[in-house]
Amino acid sequence: MGNGATRTLQRVAAAMGEIGAAPAQFEAARDVPRGGVLLALPALLATGLLRFTNQIYSLPQGYYGIDSIFLLLALMALARIPSMEQLRYVAPGEWGNLLGLDRIPEVRTLRAKLEILCRKAGRAARWQAALAREWIAGMPGADMVFYADGHVRVYHGDLTPLPRHYVTRERLCLRATTDYWVNAMDGQPFFYVNKEVDPGLIATLRQDLAPLLEKYAPVSPEMQARMDANPRQHRFTLVFDREGYSPELFAEMQAKRIAVLTYHKYPGEDWPMEEFREMTVPLVSGERVPMQLAERGTQLSQGLWVRQVRKLSESGKQTAILSTDFVADPMRLAASMFARWSQENFFRYMRQHYGLDRLVEYGTEPIPDTVRVVNPAWRQLDAQVRRLNGQRQRDRATFGARSLAAELSDVEVVRYQQSQATLQERIEHLGQQIEQLKEQRKQTPHHLTLAQLPEEERFQRLLPERKHFLDTIRMIGYRAETSMASVLRETMARSEDTRALLRQIYNTEADLFPDAESKTLTVSLHHLTQAAHDQALCHLCDELNATEATFPGTDLRLIYKIGSC
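Chemist: Can you help me understand the nonpolar core in this one?
Modeler: Soluble, globular proteins show a tendency: their nonpolar side chains are buried together. One finds L39, F146, L238 and F469 to be the most contacted residues of the largest nonpolar core, which totals 129 residues. Apart from the residues within four sequence positions on either side, F469 is in contact with Y57, F70, L73, L114, L117, C118, A124 and W127. Formed by 18 residues, the second largest nonpolar core is a distinct cluster that contains Y147, M185, L261 and A328.

Below is the structure:
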């Protein structure tokens, strides 16, 4: 039955189908490794970890029920156990104490459970949609702002030759798939869509993200009244980077009462310094910073009028942003645009701590032959044009930087002239090559259907369901961690240390004391490394105790404490 298994009768009964899932039954335990991760349980439950599971998922009768599996996966994510294989190296009985069981399932058992949960395609998307609706409905304030960006997930396997994408962090074109995420202003995720064939941000905004947000984002009575009273009042705002710059898209979104906010791709000349005024801009963190801002109305190429706001930096650089939001003041537009770093930080943190790019399912499935993809021949010609253009620009810079020093000898003058002539000849030759390649690129179809690709270039999509399911677990874990970090931030001098402190708490040993008479489960954490950290943890425990959360499947109210509390 495995190391640490003590409930033999229940296990035999579950194997024979006599009982369903084993109930959570806690016993007193001391020095449970990583017991501090139980502090995240109220936040996980409030975030919605178990809210829709019984409506969407089910498991056959067995010792490990659906609540235990979901709780285990969420606690693994917070405890930074990156994969199920890593469970082989943790004490199963100790982790069983955290779930009210004698031990956690073996890796093969957990894999089997996960295979059942992810057997039906589309269930993870339904679960994520239900959570997204709830999270969006709970957004504070009447004006909703959403951030959209793509995350390129590199694929190092050899199951299928995925198309190549440019990976900014690697500065290379690598085989990958793209996930397009929608996040809040503070970086908290709502949902994402996977694109095995990346159509680009503009097409994804038009075809996927904006329609989904229209379904998920409710229109409150207050907002409806504002929209009825003001034809320029938008329903919500979409923020994205220059990749999504498209005047046609801006006009389409405006017709749907969706405001857009992005950087100006073609800002033109700098504005006079006299137009800029110092304004105090409230950031998402609550900090208020002075910015030099100026605003004009701008007509785009197809005739659409938008607002253009520019920020002047201390170095004199002007950053131009465009928006179809005609209600918010310039300070709010600037704060919303420059809060995009929160989404970038989210991607970086999720890659580093939650294994966002980890491959969790091995297998592929066919893609419809009618799907349009970039022609590999066109991509190769385009890469050659870019490479030669870069070489020509470097040669031009070298040609312009060279100059004759004073009082050179005749031999040195001749050598200089020959060198410049050779360089000029190479620049002209590169120009001829570039024009020839551009003509070939023009004659080559940019896109083909999958059926038209050469046999060696055809590919399949990686199985998405398990990845989507586990990414939703990670999203819940991240949101729960964020809510706990906001509580710690109230008492910590350095707010940027809150997540590091939470990681320390999750890996701290704890003692468990169940009390059937008073119906409580006390989680007593060991002391942390510093007294200041203990004080912050005491404050967190007080806030968690105020929620009066109960452990799922029991009537035990959770009580958190630390020795000095």
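Let's pick the thread back up.
Chemist: I'm lost on the layout of surface pockets in this one. Help?
Modeler: Think of a ball as big as a water molecule: rolled over the atoms, this probe shows where empty space is left. Of the voids in this model, the second largest pocket is the one considered here, and its volume is about 1200 Å³. Lining the second largest pocket are 39 residues; nearest its centre among them are D186, V284, W341, S342 and R489. Going through the elements one at a time, α11 (330-338), α12 (341-353), α15 (465-488) and α16 (498-506) are the ones with two or more residues in the lining of the second largest pocket. The class makeup of the residues in the lining of the second largest pocket is 16 nonpolar, 13 polar and 10 charged.

Chemist: In this structure, what is going on with the sheet that holds strand β16 (residues 510-515)? I would like to understand it.
Modeler: Sheet strands pair via backbone hydrogen bonds, and the direction of the pair is either parallel or antiparallel. Ordered by their spatial adjacency, four strands build an open sheet running β1-β16-β17-β18, and the pairing between neighbours is mixed. Edge strands, defined here as strands with exactly one partner in the open sheet, are β1 (29-32) and β18 (557-562). For this sheet the average axis-to-axis angle between neighbouring strands, irrespective of direction, equals 20°. Note: strand β17 (residues 520-525) against β18, six bridges, orientation parallel. Looking at β18, one finds that T522 is bridged to I559. Relative to β18, helix α17 (residues 531-546) is tilted by about 165°, and along the sheet it contacts β17 and β18.

Chemist: What's the story with the packing of helix α8 (residues 201-216) against helix α10 (residues 247-255) in this structure? I'm lost.
Modeler: How two helices pack is summed up by the angle between their axes together with the distance between the axes. For the pair α8 and α10, the least separation of the axes is 10 Å and the interaxial angle reads 20°. Between α8 and α10, the crossing angle belongs to the class labelled roughly parallel. The two elements α8 and α10 cross, and the hand of that crossing is left-handed. Counting all contacts with α8, which are made through I202, L205, R206 and A210, the residues of α10 involved are L249, E252 and M253. Taken together, the residues of the contact of α8 with α10 sort by class into five nonpolar, no polar and two charged.

Chemist: Sorry if this is basic, but what is going on with the pairing of strand β4 (residues 172-183) here?
Modeler: Regular strands show a simple pattern: their side chains alternate between the two faces of the sheet. One ladder, built from eight bridges, connects strand β2 (residues 145-154) with β4; its direction is antiparallel. By the bridge assignment for β4, A148 is matched with V182. With six bridges connecting them, β4 and strand β5 (residues 189-195) associate as antiparallel partners. Within β5, the residue paired with V182 across the bridge is F191. Hairpin connection between β4 and β5: a loop of five residues separates the two successive antiparallel strands, and G187 in this loop has a positive phi of roughly 95°.

Chemist: Would you take a moment to explain the pattern of salt bridges for this structure?
Modeler: It is possible for side chains of opposite charge to pair when their charged atoms get near one another. Within the structure shown, the criterion is met by 26 salt bridges. Here R11 makes a salt bridge to D102, at a shortest N to O gap of 2.9 Å. Here D102 lies in the loop between α5 (92-99) and α6 (107-117) and R11 lies in helix α1 (residues 8-15), a separation of 91 residues in the sequence. For the pair formed by R11 and D102, the shared burial category is buried. E134 is paired through a salt bridge with R51; the nearest N and O atoms lie 2.5 Å apart.

Chemist: I keep staring at the environment of E94 and nothing clicks. Help me out?
Modeler: As for its placement among the helices and strands, E94 is situated in helix α5. A relative accessible area of 27% places E94 in the partly exposed class. The spatial distance from the C-alpha of E94 to the C-alpha of G4 is 8.4 Å, given a sequence separation of 90 residues. Contact partners of E94, with chain neighbours within four places excluded, come to V32 and P33.

Reading the values: the criteria
- For every chain, the first residue of the written sequence is number 1, and numbering continues from 1 onward in sequence order.
- Per-residue local features of the predicted model are confined to residues with pLDDT of at least 70, and side-chain atom pairs are confined, for both listing and counting, to 80 or more; whole-chain, interface and lining totals are unaffected and use all residues.
- Working from all heavy atoms in the structure, the side-chain values ignore hydrogens and water.
- The criterion is simple. A nonpolar core is a set of buried Ala, Val, Leu, Ile, Met, Phe, Trp, Tyr and Cys residues joined through side-chain atoms within 4.5 Å.
- Think of it in three bands: with a 1.4 Å probe and only protein chains considered, a residue is buried below 20% of the maximum accessible area for its type, exposed above 50%, and partly exposed in between.
- Residues are treated as being in contact if the distance between any of their heavy atoms lies within 4.5 Å.
- A cavity here means a set of 1 Å grid points, computed over protein atoms only, where a 1.4 Å probe fits but cannot escape. A pocket is an open set with protein on both sides within 12 Å along at least 5 of 7 lines, and lining residues have an atom within 4 Å of a point.
- Grid points are joined across faces, edges and corners, and a volume is the space filled by probe spheres set on the points.
- Put simply, DSSP H or I for four residues or longer makes a helix, DSSP E for two residues or longer makes a strand, and each gets a number counted from the N terminus.
- Three classes are used, and their members are as follows: Ala, Val, Leu, Ile, Met, Phe, Trp, Tyr, Cys and Pro are nonpolar, Asp, Glu, Lys and Arg are charged, and the others, Gly among them, are polar.
- Pairing between strands requires that DSSP locate at least two bridges from one strand to the other.
- Orientation is described by lines fitted to C-alpha atoms, with helices fitted over the stretch in contact, and by angles between N-to-C directions that extend from 0 to 180 degrees.
- Reported orientations rely on four angle classes, namely roughly parallel under 35 degrees, roughly antiparallel over 145, roughly perpendicular from 65 to 115, and oblique for the rest.
- Each crossing gets its handedness from the near helix: less than a right angle anticlockwise from the far helix is left-handed, clockwise is right-handed.
- For this analysis, a salt bridge means a side-chain nitrogen from Lys or Arg found within 4 Å of a carboxyl oxygen belonging to Asp or Glu.

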